[in-house]
Amino acid sequence: IEASRNTPSLRSFLVQVSRHASHIAQQQYDVIVVGGGHAGTEAAAAAARVGAETLLVTQKIHTIGALSCNPSLGGVGKGQLVKEVDALDGLCGRAGDWAGIHFSILNRKKGPAVWGLRAQLDRQRYREFIQSELLSTPRLTVVEGSVEELLVTEPNPEQPGHHRVTGIHLANGSHPISASSVVLTTGTFLSGSLFMGQSSSPGGRIGDAPSSSGLSQTLRERLGLRIGRLKTGTPPRIVKDSVDLSQTELQPPDSHPTPFSFLNTRIRCKPEEQLPCYLTYTTPGVERVVRESLHLNCHIQQDTKGPRYCPSIESRVLRFPGRKHQVWLEPEGVTSDLFYPQGLSMTMPPDIQLQLIREIPAMHRAEIHTPGYGVQYDFVCPTQLSPALQVKSTQGLFLAGQINGTTGYEEAAAQGVWAGANAARWALSMPAVSLSRTESYIGVLIDDLVSRGVTEPYRMFTSRAEFRTSLRPDNADLRLSLKGFEEVGCVSSFRYREAVKVRDSLQDALAALQSLTMSAHNWRKMLPDVHMSEAKSIVLTGMEVLQYKDVSFEMLASLFPELLSSYMEFSQRLKIEAVYRPHCDLQKKEIERIQREENMALPQDIDYLSLPVSLSKEAREILDRVRPSTLGAVMRLQGITPAAVIHLFNYVYHTG
Ligand code: FAD
C-alpha cells in the first residue's frame, strides 16, 4: 500500500476500500471471491458483470494483479486462452495490451489456428491496470484481509455429504460475512511453503504469508475434499547492467505488434519503443554446479510434482544430461533494471545460485538482485468439481486457478472468469452454464480438469484441443462474446454490439466471396502469378480462390473493389476463415452426424485396449471398464473427448 499511495488511481481505490470496509460486516453479498490473483480478479469482475453484488477479499491490495513469476502473458495455447477471456469481457487481454513491452507471435511457421500471441509485460503497469479496472467495476467491493475460514452448513440429511456455503470469516476476528456463493482462488497459498537451499518457511510467495490452515482444514476435514500437493519455482532476478549482452543473441519483438484484445486496434507502447529480449545458453559448468549442490537443495529432492513444461534448471539438467539449455533474458518493465532469466528457475542456496549463473558466459560477472526459490502448496483434486467449477458436494462453493492444480496466469484467468460467472448465476438463481471442448479452449481446460484430474501442474497446449482449427485466436469473439452476452450475462452490451457488427460484416463478406464465380481459366488470367492447377472448365468461387496460399483478400478486393473493398479491415480474418472453412465444415458435419447416431449400438466384445484407432490409453481404459452399449453412452462418459467418439464411431461404422 505504501508503494502504491503515490498513484492517483490507487489512492482513490484505497479510499473506496476503506469506505466499504466499515460496511462489510453488516452486508450480505451475492458472491465473495477469495484472492486477488489472476483467477480471483477475473472471477470478481465477471461475477459483478453478471449482476451479482460481489466482494473481493485479498491479503494485500497492492499485490492485486501481481505477476508472481514470469513477466509475460500468452504463448502457444495460452494466447488462445487470453483471447477467449477477453472475448468474455475479462481483464487480462486489455491489461496485456496496456502493459506489454515486447509482442511476438510464436509458432508462426505453423497455421494461424495455432499461432501463440505472447507479450513481455511491465509488471507495474499490469498491476495498475488490473487494480484500476476493479476499482471502476460497478457492484464490486474490494477489501484487504485474510480469509481464515469458510462457513458451511451441516450436510443436508436428504443429500448426505452435501453442504452449502454461507460465507467466510476473516482472520481479524470480525463478524462473519455472508454470501450465497464463494469463489476460492488462493493460488500457491493454500498451506504454502517456500524453499531455498536447505531451509523452508511458510509462505504463498516471497513476502506473503500462506493462506490460513483453517481454510485447508475446512476443505479437507469438514467438506471431505481430496487434496494433493504440487510444487513450482522461480528464477533469481538478475541486475541488467551486470550482464554482458554482447555474448547473447538479440531477440527483437514483432515490428507490428498484435493486440490481445478484440477491443484494441493497437497496444499502448509505441511499436518502436518495445524492448528486446536476449537468448543465451547453459554450459557444462551449470550442470556441474547443479549436481554438486543437490544435497543442499531440499526442494528438488522432494517427490512432489512440479511443472513438466516449465521445469527448474535442476530438473532440466538431471533429465537431459549433457544438453545445452536455452535461457531467455526478459525485461521486467520499462523502468526496471532487472532481467528475468526464463529457464533458470532454481532452489539451491543463494551463494550457489550466484555460482551457477556465472557459469554462463554472458553472466560471468552477473549480480543477483533476488534469489530464486520454490513453493509447495495444496491443491484440490479438480475431479470433485462440476463443469461450472462448483464443488459437487458443496452448493455455492466454486474454485478457480492454481488451487485446481493448474499452472500459469492464463489458465487461472480462464477458470476465474468462468467460475465467477457461474458463482453469480448460482447466487442469482440462474442455471449453471458450461463450455464444451468443441467451442473453446476454456471448455477443453475445464473438461480436462473435471473429468481427468491432474497428476502434475496442468498447462494449456494447442494439442489438447481436438478442434483447434475451429478454436482459433482470430474467431474467439464470435465463439464467445455472443454466447457470453446472450447466455451467460458476463459480456457488456458494447462488446456484444461490436461482435455482432463483426459477425454480420464477415457473413456479408463471405457471401460476396461465395457469389464471385468464374472458371479457373478466367481466374488464372486475372491472377497470373498464382499457380492454379484446376482444369480450365472448373468453376471456382472467390472463397475457393482465397484458399490458395498466394492469394490475399487484398488481391481480390483490388480486382472487385465494388464488391469487396468495404471489408478490407477484415482481410486477415477472411483469409484465415477461407483457409480453414473446408476442414471446419467437415468437422462440424462429423459432430452433427455422431449426435444423430446416439442410439447406434456398440458390439459388446470390442477389445478397446488394442483397437486400431487413435485413442488415448486413458480413453481405452475407461471404455474397457465401462463397456458402454451405445454411442450416446460413450458421449456422456467423463474423460472421453469428442474426438475419441468420432474415432470410435468411424471404426464401428466401417467395420459393421
Ligand atoms: P495467485 O496469482 O497466486 O493469487 C492468489 C491470491 O490469493 C493472492 O493474491 C493471495 O494474496 C490471495 N490469497 C491467498 N489466500 C488468501 C486468503 N486466505 N485470504 C485472502 N486472500 C488470499 N506459473 C507458471 O506458469 N510457470 C511458472 O514457472 C511459475 N512459477 C511460479 C513460481 C512461484 C514461486 C510462484 C509463487 C508462482 C509460480 N507460477 C508459475 C504460478 C503463477 O503465479 C500462477 O499460476 C498464477 O499466479 C495463479 O493464479 P491464481 O489466481 O490461481 O493465484
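Only a predicted model underlies this, so the values are computations on that prediction, with no experimental measurement involved. Counting of residues starts from 1 at the beginning of each chain's written sequence and follows it residue by residue. Confidence filtering applies because this is a predicted model: local features only for residues at pLDDT of at least 70, side-chain atom pairs given and counted only at 80 or more, and all residues used for totals across whole chains, interfaces and linings. Hydrogen atoms and water are omitted, and side-chain values are computed over all heavy atoms in the structure.

Helix and strand counts for the protein come out as 22 helices and 23 strands. Put simply, the radius of gyration uses C-alpha atoms, and a globule should come to 2.2 Å times the residue count raised to 0.38. The C-alpha atoms of the protein give a radius of gyration of 26 Å, which matches the 26 Å a tight globule of 656 residues would have. Overall size of the protein, expressed as C-alpha extent along the three principal axes, is 80 × 70 × 55 Å. Note on contacts: a residue pair is in contact if any heavy atoms of the two residues lie within 4.5 Å. Within the protein, contacts between residues at least 6 apart in sequence are counted, and of these 72% link residues at least 24 apart. Surface accessibility in these figures is a Shrake-Rupley result with a 1.4 Å probe; residues are shielded only by whichever protein chains are displayed. For the protein, the computed accessible surface area is about 27,300 Å², with 52% contributed by carbon and sulfur atoms. A run of H or I in DSSP becomes a helix once it reaches four residues, and a run of E becomes a strand once it reaches two; helices and strands are each numbered from the N terminus.

Another point: the packing of aromatic side chains. When the centres of two rings from Phe, Tyr and Trp lie within 6.5 Å, Trp using its six-membered ring, the rings pair. Their planes under 30 degrees apart give stacked, over 60 give edge-to-face, and anything left gives tilted. Enumeration over the complete set of coordinates arrives at 6 aromatic pairs. Ring geometry for Tyr-278 versus Phe-339: centroids 5.8 Å apart, planes at 70 degrees, classification edge-to-face. Of the two residues, Tyr-278 sits in strand S15 (residues 277-281) while Phe-339 sits in strand S17 (residues 338-342), which places them 61 residues apart along the sequence. As far as burial versus exposure is concerned, Tyr-278 and Phe-339 are alike and both buried. Whether a charge sits over a ring depends on NZ of Lys or CZ of Arg being within 6 Å of the ring centre and within 35 degrees of the ring normal. Positioned over the ring face of Trp-115 is Arg-108, at 5.3 Å from the centre of the ring. The ring of Tyr-653 has Arg-593 sitting right over it, with the charged end atom 4.5 Å from the ring centre. Buried means the residue's accessible area, taken with a 1.4 Å probe over protein chains only, is under 20% of the maximum for its type, while exposed means over 50%, and partly exposed covers the values in between.

We now examine the side chain of Thr-232. Its location among the elements puts Thr-232 in strand S12 (residues 227-234). Residues contacting Thr-232, with those up to four places away along its chain left out, are Thr-188, His-299, Pro-307, Gly-374, Val-375, Tyr-377 and Gln-402.

The next point concerns empty space enclosed by the protein. For cavity detection a 1 Å grid was placed over the protein atoms alone, and a set of points counts as a cavity when a 1.4 Å probe fits there but cannot get out; an open set counts as a pocket when protein lies on both sides within 12 Å along at least five of seven lines, with lining residues being those that have an atom within 4 Å of a point. Grid points are joined across faces, edges and corners, and a volume is the space filled by probe spheres set on the points. Following the criterion strictly, the structure yields 1 cavity of 30 Å³ or more and no others. The volume enclosed by the largest cavity comes to roughly 30 Å³. Residue lining of the largest cavity: His-38, Thr-41, Glu-42, Gly-65, Cys-92, Tyr-126, Ile-130 and Ala-413, and that is the complete set. For the lining of the largest cavity, the elements supplying multiple residues, two or more each, are helix H2 (38-50) and helix H5 (123-135). Top contributing element to the lining of the largest cavity by residue count: H2, with 3 residues. Its residues assigned to classes, the lining of the largest cavity shows 4 nonpolar, 3 polar and 1 charged. The nonpolar class holds Ala, Val, Leu, Ile, Met, Phe, Trp, Tyr, Cys and Pro. Asp, Glu, Lys and Arg form the charged class, and all remaining residues, Gly among them, are polar.

Reported here for the second largest pocket is a volume of approximately 1,400 Å³. If you go around the second largest pocket, you meet 45 residues; those closest to its centre are Ser-436, Thr-438, Glu-439, Leu-471 and Ile-591. Mapped by element, the contributors of at least two residues to the lining of the second largest pocket are helix H12 (441-452), helix H13 (476-488), helix H14 (493-515), helix H19 (571-596) and helix H22 (642-655). A total of 11 residues in the lining of the second largest pocket trace back to one element, the largest contributor, which is H19.

A word on the side chain of Asp-30. Locating Asp-30 in the fold gives a position in strand S1 (residues 28-34). Positive: Lys, Arg. Negative: Asp, Glu. His and the chain ends are not part of the count. Basic side-chain nitrogens of Lys or Arg form a salt bridge, by our definition, when they fall within 4 Å of a carboxyl oxygen of Asp or Glu. Here Asp-30 sits buried without a salt bridge, and the closest side chain of opposite charge, Arg-139, lies 7.4 Å off (N-O distance). A distance of 2.7 Å separates a polar atom in the side chain of Asp-30 from the backbone nitrogen of Glu-53. The residues touching Asp-30, leaving out its near neighbours within four places in the chain, are Gly-51, Ala-52, Glu-53, Ala-179, Ser-180, Ser-181, Ala-427 and Leu-428. Between N or O atoms, a polar contact is any pair within 3.5 Å; within protein, one atom must be a potential hydrogen donor and the other a potential acceptor, and residues adjacent in sequence are included only when both atoms are from side chains.

Here we come to the pairing of strand S19 (residues 373-380). Most of S19 sits inside the fold, with 8 of its 8 residues counted as buried. What you see with S19 is no split at all: Tyr-373, Val-375, Tyr-377 and Phe-379 on one side and Gly-374, Gln-376, Asp-378 and Val-380 on the other are buried throughout. In this description, strands pair whenever DSSP reports at least two bridges between them. Summarising the sheet, strand S10 (residues 193-196) and S19 pair through 3 bridges and their orientation is antiparallel. Bridged to Ser-193 within S19 is Gln-376. Note: S12 against S19, 8 bridges, orientation antiparallel. Paired with Gly-228 across the two strands is Phe-379, which belongs to S19.

Right, let's talk about the site of the ligand for a bit. Each residue is tested against the molecule or strand, and it is near if at least one of its non-hydrogen atoms lies within 4 Å. Neighbouring the ligand are 34 residues; Ala-39, Val-147, Ser-211, Gln-402 and Gly-408 lie closest to it. The side chain of Gln-59 places a nitrogen or oxygen atom 2.8 Å from an oxygen atom of the ligand. In the environment of the ligand, an oxygen atom lies 2.7 Å from a nitrogen or oxygen atom belonging to the backbone of Gly-408. Protein contact buries 98% of the 980 Å² of open area that the ligand shows by itself.

Okay, H12 next. To estimate how far a helix should reach, multiply one less than its number of residues by 1.5 Å. With 12 residues, H12 should reach 16 Å at 1.5 Å per residue; the first-to-last C-alpha distance of 16 Å fits that figure. Across the 12 residues of H12, 10 count as buried, placing the element largely inside the fold. Its buried side turned inward, H12 meets helix H3 (78-87), helix H11 (409-427) and H13. Its side-chain oxygen at 2.8 Å from the backbone nitrogen of Gly-443, Ser-440 defines the N-terminal cap of H12. With its phi angle positive at about 75 degrees, Gly-453 sits one or two positions after the end of H12.

With that out of the way, let us pick up the pattern of salt bridges. Applying the stated rule across the entire model yields 35 salt bridges. For Asp-448, the salt bridge is made with Arg-437, and the minimal N-O distance between the two is 2.8 Å. One end of the pair, Asp-448, is in helix H12; the other, Arg-437, is in the loop between H11 and H12, with 11 residues separating them in the sequence. Owing to a relative accessible area of 4%, Arg-437 belongs among the buried residues under this scheme. When the shortest N-O distance is used, the salt bridge between Glu-577 and Arg-472 registers 2.9 Å. Of this pair, Glu-577 sits in helix H19 while Arg-472 sits in the loop between H12 and H13, and the two are 105 residues apart along the sequence. One salt-bridge network, in which partners are shared between bridges, spans Arg-437, Asp-447, Asp-448, Arg-452, Glu-466 and Glu-618.

Here we take up the sheet that holds S19. With respect to topology, 4 strands assemble into an open sheet ordered S11-S10-S19-S12, the strand pairing being antiparallel. Across the chains shown, the open sheet's two edge strands, defined by having one partner strand only, are strand S11 (199-202) and S12. When strand polarity is set aside, the average angle formed by the axes of neighbouring strands in this sheet is 25 degrees. One ladder, built from 4 bridges, connects S10 with S11; its direction is antiparallel. Bridging across to S11, Leu-194 finds its partner in Ser-201. Fitting a line to C-alpha atoms yields each axis, with helices limited to the stretch in contact; the angle taken between N-to-C directions then spans 0 to 180 degrees.

What follows covers the confidence of the model for the protein. Mean pLDDT over the protein: 91, with 96% of residues reaching 70 or higher. A low-confidence stretch, residues 1-6 stays under pLDDT 50, and its non-local contacts, those more than four residues away or across chains, total 8 contacts. Both scores are available for the predicted complex, with the pTM at 0.91 and the ipTM at 0.98. A score between 0 and 100, pLDDT records how confident the predictor is in each residue.

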